[in-house]
Amino acid sequence: MEMTPKRPDKATKPKLPPRPLSKVFTSSEHGAAVLQGFDTFRTDETLCDVILVPGDSKKTFPVHRVIMASCSDYFKAMFTGGMREQEMREIKLHGVTTTGLQNIIDFIYTSKVSLDMGNLQDTLEAANFLQVMPVLGFCNQLLSSEITIENCVEVERIANDLLLEDVLLNIGEFLGQNLSVLVQCGRYLQLSETTLANALSSNSLEGFSEIELYHIARGWLEHDPPKRRSSVYALMRHIRFPLMSPSELIQISQDDEDEGDSMMRSETACVNLLLEASNYQMMPFMQPALQTERTQIRSDSTHILALGGVMRQQLVVSRELRLYDEGTGHWRALKPMDVPRYQHGVALLGGFLFIVGGQSTYDSKGKTAIDSAYRYDPRFDKWLQIASLNEKRTFFHLSALKGKLYAVGGRNASGDIDTVECYNLRKNEWTFVTNMVEPHYGHAGTVHGALMYISGGIAHDTFQKELWCYDPVTDAWSRRADMMELRGLHCMCTVGDRLYVMGGNHFRGSCDYDDVLGCEYYSPDTDQWTVVAPLLCGQSDVGVTVFNEQIYVVGGYSWNSKCVVDIVQRYDPVRDVWDRGFDVLEPLGGIRACTMTVQLPKGTVDEAQIQECPLPTAKS
């Protein structure tokens, strides 16, 4: 008797997951397997529907149209754009070599290609012609990484032929770093006019005098005079003739005159280069206003500079000018100032550093204020004395505004002063302009747009919170919104459209002073102040500068700690955060700072070179 199948018990029946059931399966091996299958079809010519023939041989390469079109913009246009090759069984590629085509097809079907300097050019030309971008990019990288003294001329030729901008940039960088060797072996003579001109125009081309670069350019021009005669100005316009000595300029003119076929005198534009240099040198005080691409310093080294201040050794005033090398964390020495000073004014104008007034001997009341002024030239690491102020002043502010310098307020042996002086480069002369509303000293200032702003300070023995604005066009002062805190001997600087004030001090009671840790910024558009993060510790009578969009407050005096400090506090306006940047080599009060492009000097200044100081210092 047949038994009826017993139905499974519902309790033991497996439960299905809740609907809907949806899963995505991804296989990392699938793509490689498909590619491998395509390559197998190519090898035995299965389903191949077109034959490619390189331009330099009759060798044939059977391939699949759809695969070639999916990896090459050239083939995509050919096979889908209605061109006559769309129906052809065999296609001759006149712009591609056998080696290049072989490598491109290998890459398309395997995602791999073996490259070396022997097949690189053929592959690069094929990738460029057929627009196979991954290979083109890799060839660019390989070509740039394999530049040597021996092959740089050939690499440059390839890059120029194929318009490989990235490779040309790397050639230019290589040339700048190795120009001396290329000149010694003569290989630079084979370089193109464009590449040599780019090298001669570079600010990073250090280690050569301008007269040496002139002779390098001349050597290249004289290597093939008939073909290169038209390139004289194209090269010579990048030689910085104004930075040569007068004797070198005279020698160039004489040498050119002595030759039957003069080079520099053959073109009016080249003659003008020598006249420009001569005029530039004849007007030393005007040079900041005469800056061109041919008067710029050959350097890409921009650093924080600190100068002067009251040293910790028995309150001796410093004459040191030093830069902080961020790369090594060391201080380096530039040429010291001719006269020691602190509480002086500093300003940058036309690539030059101006220092004005201050004090050369220590005196807390400003009775030893001086009127002398100097200009530092970073191209030659030299100082030049310029016209002195009409009035001695210290505890004042100096700004560069619209091509002139403005010295504002301060004090001297006669007391607090309200006068403002303007320095005219053309006349090398200081003249008085409209006074401040009342005598001020210990104030701070900055420039925004075409206006100068002066904040706080001390007037009539009282700390101030006023903000004043000076317009050089109308020669008039106007008052703006007051700061939130009273402060003097503070610092001020501009970052974007914000005018920051930081630190300083004010009265605590009737006979003592307190550090002001609070910081705030002013917005000229809204005439409003906004509080930001406070300083970590007090600093008054400091140097301040902006470097890489961050504010650095250098040295100074801490009233709460009652000592000169060696700290440098750094503020990030984006994150509204202060931190300890680095230290100056010794505690310095009345120090000043700026950010400037200079020639990086050799050697460092070590703390071991600084004598031990008996005065108390604050390290935090």
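From a predicted model like this one, the values you see are computed outputs, not experimental measurements. Just so you know, the residues in each chain are numbered from 1, in the order the chain's sequence is written. pLDDT decides what is reported in this predicted model: residues at 70 or higher carry local features, side-chain atom pairs at 80 or more are listed and counted, and totals for whole chains, interfaces and linings draw on all residues regardless. Just so you know, side-chain values use all the structure's heavy atoms and leave hydrogens and water out.

Draft legend 1. Broad picture of the overall build of the chain. Elements are defined by DSSP. Helices are runs of H or I of four residues or more, strands are runs of E of two residues or more, and each kind is numbered from the N terminus. Summing up its helical and strand segments, the chain has 14 helices and 36 strands in all. Atoms counted for the radius of gyration: C-alpha only. Globule rule: 2.2 Å times residue count to the power 0.38. Taking 2.2 N^0.38 as the reference for a compact globule, 620 residues should give roughly 25 Å; the C-alpha atoms of the chain span a radius of gyration of 35 Å, well beyond that estimate. Throughout, a contact is declared for two residues whenever any of their heavy atoms are within 4.5 Å. A separation of at least 24 residues holds for 57% of the contacts in the chain among residues at least 6 apart in sequence.

Draft legend 2. Structural context of the sheet that holds strand E33 (residues 567–572). In this description, strands pair whenever DSSP reports at least two bridges between them. Strand order in the open sheet made by the four strands is E29-E30-E33-E34, with antiparallel pairing throughout. Each edge of the open sheet carries a strand with a single partner, namely strand E29 (543–547) and strand E34 (577–583). Across the sheet, the axes of successive neighbouring strands diverge by a mean angle of 25 degrees, strand direction being ignored. Examined bridge by bridge, E33 and E34 share six bridges and lie antiparallel to one another. Lines are fitted to the C-alpha atoms to define the axes, a helix being fitted only along its stretch in contact, and any angle between axes, read from their N-to-C directions, falls within 0 to 180 degrees.

Draft legend 3. Summary view of the UniProt feature "domain: BTB" (unreviewed entry) in the chain. UniProt positions are given in the numbering used here, feature names are shortened, and annotations may be inferred rather than shown by experiment. Under the UniProt annotation, the feature "domain: BTB" (unreviewed entry) is placed at residues 48–117. As annotated, residues 48–117 comprises 40% helix and 17% strand, and the C-alpha atoms at either end are separated by 32 Å.

Draft legend 4. Region of interest: the sheet that holds strand E6 (residues 330–334). If you trace the four strands from one edge of the open sheet to the other, you get E6-E5-E4-E35, paired in antiparallel fashion. Two strands in the sheet have a free side with no partner beyond their single neighbour: E6 and strand E35 (592–597). Averaged over all neighbouring strand pairs, the angle between strand axes comes to 35 degrees, with direction disregarded. Relative to E35, strand E4 (residues 302–307) runs antiparallel, the two being bridged by six bridges. Looking across to E35, one finds that Ile 304 is bridged to Thr 595.

Draft legend 5. Highlighting the pairing of strand E9 (residues 373–377). For E9, a buried count of five out of five residues is recorded, marking the element as mostly surrounded by other parts of the structure. Exposure categories follow from relative accessible area, calculated using a 1.4 Å probe and restricted to protein chains: below 20% of the type maximum is buried, above 50% is exposed, and the middle band is partly exposed. Of the two faces of E9, the one lined by Ala 373, Arg 375 and Asp 377 and the one lined by Tyr 374 and Tyr 376 are each fully buried. With five bridges connecting them, E9 and strand E10 (residues 382–386) associate as antiparallel partners. Among the inter-strand pairings, Ala 373 is bridged to a residue of E10, identified as Ile 386. Between E9 and E10, which pair antiparallel one after the other, the connecting turn spans four residues, and Asp 381 there sits at a positive phi close to 55 degrees.

Draft legend 6. Summary view of helix H7 (residues 152–162). All of the buried residues in H7 are Cys 152, Val 153, Val 155, Glu 156, Ile 158, Ala 159 and Leu 162. Of the surrounding elements, those touching the buried residues of H7 are helix H5 (120–130), helix H6 (133–145), helix H8 (165–185) and helix H9 (193–200). Immediately beyond the C-terminal end of H7, within one or two residues, lies Leu 163, with a positive phi of roughly 55 degrees.

Draft legend 7. Fine view of the pattern of salt bridges. For this analysis, a salt bridge means a side-chain nitrogen from Lys or Arg found within 4 Å of a carboxyl oxygen belonging to Asp or Glu. In this structure the tally under the stated criterion is 24 salt bridges. For the salt bridge of Arg 42 with Asp 106, the shortest nitrogen-to-oxygen distance reads 3.5 Å. Taken together, the positions of Arg 42 in helix H1 (residues 30–43) and Asp 106 in helix H4 (residues 98–110) put the pair 64 residues apart, joining distant regions of the chain. With a relative accessible area of 16%, Arg 42 lands in the buried category. A salt bridge links Arg 294 to Glu 293; the nearest nitrogen and oxygen atoms lie 3.4 Å apart. A relative accessible area of 12% places Arg 294 in the buried class. We classify Glu 293 as partly exposed; its relative accessible area is 38%. One network of salt bridges, with partners in common, ties together Arg 237, Glu 276, Glu 293 and Arg 294.

Draft legend 8. Spotlight on the packing of aromatic side chains. Centres within 6.5 Å are what make two rings of Phe, Tyr or Trp a pair, Trp counting through its six-membered ring; a difference in plane orientation under 30 degrees is then read as stacked, over 60 as edge-to-face, and the rest as tilted. The full count for this structure, using the stated rule, is 26 aromatic pairs. On the basis of an interplanar angle of 55 degrees and a centroid distance of 6.4 Å, the ring pair of Phe 354 and Tyr 423 is categorised as tilted. Pair noted here: Phe 354 is in strand E8 (residues 352–356) and Tyr 423 is in strand E15 (residues 420–424), with a separation of 69 residues, a long-range link. On the basis of relative accessible area, Phe 354 is assigned to the buried category, the value being 1%. A relative accessible area of 1% places Tyr 423 in the buried class.

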